[in-house]
Amino acid sequence: MNRIPFLKMHGLGNDFVVIDRRSGPARGLALDARQIRRISDRRLGVGCDQFILIDPAEDDPLAAGGADAVMRIHNADGGEVEACGNATRCVGFLLMAETGLARTTIATAAGHLLASADGEGTAAGLITVDMGPARLDWQQIPLSGPADTLHLADTLRLADTLRLDGVSEGPLTDPVAVNVGNPHVVFFVDDAEAVDLERLGPPLEHHPAFPRRTNVEVVHLIGPDRIRMRVWERGVGITAACGTGACAAAIAAIRRGLTGRTVQVVLDGGPLSITWTDDNRVLMSGPVATSFEGTLDPSLLA
Ligand SMILES: N[C@H](CCC[C@H](N)C(=O)O)C(=O)O
């Protein structure tokens, strides 16, 4: 059996194993959650935050209506999820490098996403993705019951849950809930660096108010239209960057009147630029990088 080739890529340190199933030895490769968890494991496998599959658009229901390729996303825990902003920039970069075009449409479970190369083209590795609309109703997050997604204080009864889980509530109160293809809960705090995300992340990710679990962001303002964000990612933990999290944090800041409609979001791994347009499109711009190419050790697929 030919060894399966992969690309190791990242966006601001949020890293991915990317396998292209459109041709070659990986064509039609079937993988289950256990295999994806093992490949994603930093001790046992290649190691990554998300595992990304590129599939052919032909005959794929996700690509109905026209797309250049399909992208499927799995978190390191093996679970398939709807969206991954940093990986979408990476896949967009690969597809545009193949065609030489400055635009490409990627079909995902969250919809068809348009990626484009900024002025210098893909050579500079700066890619913009239209992540689609922000979903703001409680049913779209989704939440387990009706709520004002701009002020979740009472609905979440966070204080009780966090105390019940033996973790201090700390500075986390009254968050904003946003869906940008995937669910996010955003807390504004005095100092994002001081929040103990390792302890507070898990009970929030699994809070009963979020039937599909959630990504968790902590944010503070660092200047006009500039915010600092750290993230506990659903299915992963703390990552160096989260593209959809940056989109969610920017939307939350704009909805709270803290910034204008273009926001620079400073993540552990660096900045992303987010614009929420008047016609409800969320545009995310940032870098991509390829770390190395490799082939999977067959033992990872056993
Ligand atoms: N952990 C996220 C998926 C990846 C998000 C992040 N890596 C990004 O760049 O958007 C979720 O479960 O919805």
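Cut-offs applied
Residues numbered from 1 in each chain as written. Predicted model: local features only at pLDDT ≥ 70, side-chain atom pairs only at ≥ 80, totals over all residues. Heavy atoms only, no water. Helix = DSSP H or I, 4+ residues; strand = E, 2+ residues; numbered from the N terminus. Rg over C-alpha atoms; globule rule 2.2 N^0.38 Å. Buried < 20%, exposed > 50% of the residue type's maximum accessible area, 1.4 Å probe, protein only. Contact = heavy atoms within 4.5 Å. Lys, Arg positive; Asp, Glu negative; His and termini not counted. Charge placed at Lys NZ, Arg CZ, Asp CG, Glu CD. Near = heavy atom within 4 Å. Polar contact = N/O pair within 3.5 Å; in protein donor to acceptor, adjacent residues only side chain to side chain. Nonpolar A, V, L, I, M, F, W, Y, C, P; charged D, E, K, R; others polar. Domains from an automatic or database assignment. UniProt positions renumbered as here; feature names shortened; annotations may be inferred.

Participant: Run through the overall build of the chain, naming residues and quoting values.
Facilitator: Along the backbone of the chain there are 6 helices and 17 strands. A globule of 302 residues ought to have a C-alpha radius of gyration of about 19 Å, and the chain, at 19 Å, matches this closely. Considering only C-alpha atoms, the chain reaches an extent of 55 × 45 × 30 Å along its principal axes. Looking at the chain as a whole, 57% of its 302 residues are labelled buried. For the chain, long-range pairs separated by at least 24 residues make up 62% of all intrachain contacts whose partners lie at least 6 apart in sequence. Here the chain holds 27 positive side-chain charges and 38 negative ones, and the gap between their average locations is 3 Å.

Participant: Go over the site of the ligand with me, naming the residues and quoting the values.
Facilitator: Within the structure, the ligand sits among 15 residues, and Asn-75, Gly-85, Glu-233, Arg-234 and Thr-244 are positioned closest to it. Measuring from an oxygen atom of the ligand, one finds a backbone N or O atom of Asn-86 at 3.0 Å. Counting residues per element, the ones that place at least two in the shell around the ligand are helix 2 (85-99) and helix 6 (243-255). Broken down by class, the residue content of the shell around the ligand amounts to 4 nonpolar, 9 polar and 2 charged. The residue makeup of the shell around the ligand includes at least three contributed by each of domain 1 (4-131 + 287-301) and domain 2 (152-280).

Participant: Quick rundown of the side chain of Asp-41? Include the residues and the values.
Facilitator: Looking at where Asp-41 falls in the secondary structure, it is placed in the loop between helix 1 (33-40) and strand 3 (50-55). A polar contact is formed between the side chain of Asp-41 and the backbone nitrogen of Leu-44, at a distance of 3.0 Å.

Participant: Please set out the UniProt feature "binding site: substrate" (unreviewed entry) in the chain residue by residue, giving values where relevant.
Facilitator: The feature "binding site: substrate" (unreviewed entry), as given by UniProt, occupies Asn-14, Gln-50, Asn-75, Gly-85, Asn-86, Asn-182, Asn-215, Glu-233, Arg-234, Gly-243 and Thr-244 in the numbering adopted here. Residue placement: Gln-50 occurs in strand 3. By relative accessible area, Gln-50 is classed as buried at 1%. If sequence neighbours within four positions are ignored, Gln-50 has contacts with Asn-14, Asp-15, Phe-16, Val-17, Ile-73, His-74, Asn-75, Cys-84, Glu-233 and Val-236. A polar contact is formed between the side chain of Gln-50 and the side chain of Asn-75, at a distance of 2.9 Å. Along the chain, the position of Glu-233 falls in strand 12 (residues 226-233). In this structure, Glu-233 is in contact with Asn-14, Gln-50, Asn-75, Glu-205, Asn-215, Thr-239, Ala-241 and Cys-242, ignoring residues within four places of it in sequence. Of the polar contacts made by the side chain of Glu-233, one reaches the side chain of Gln-50; its length is 2.9 Å.

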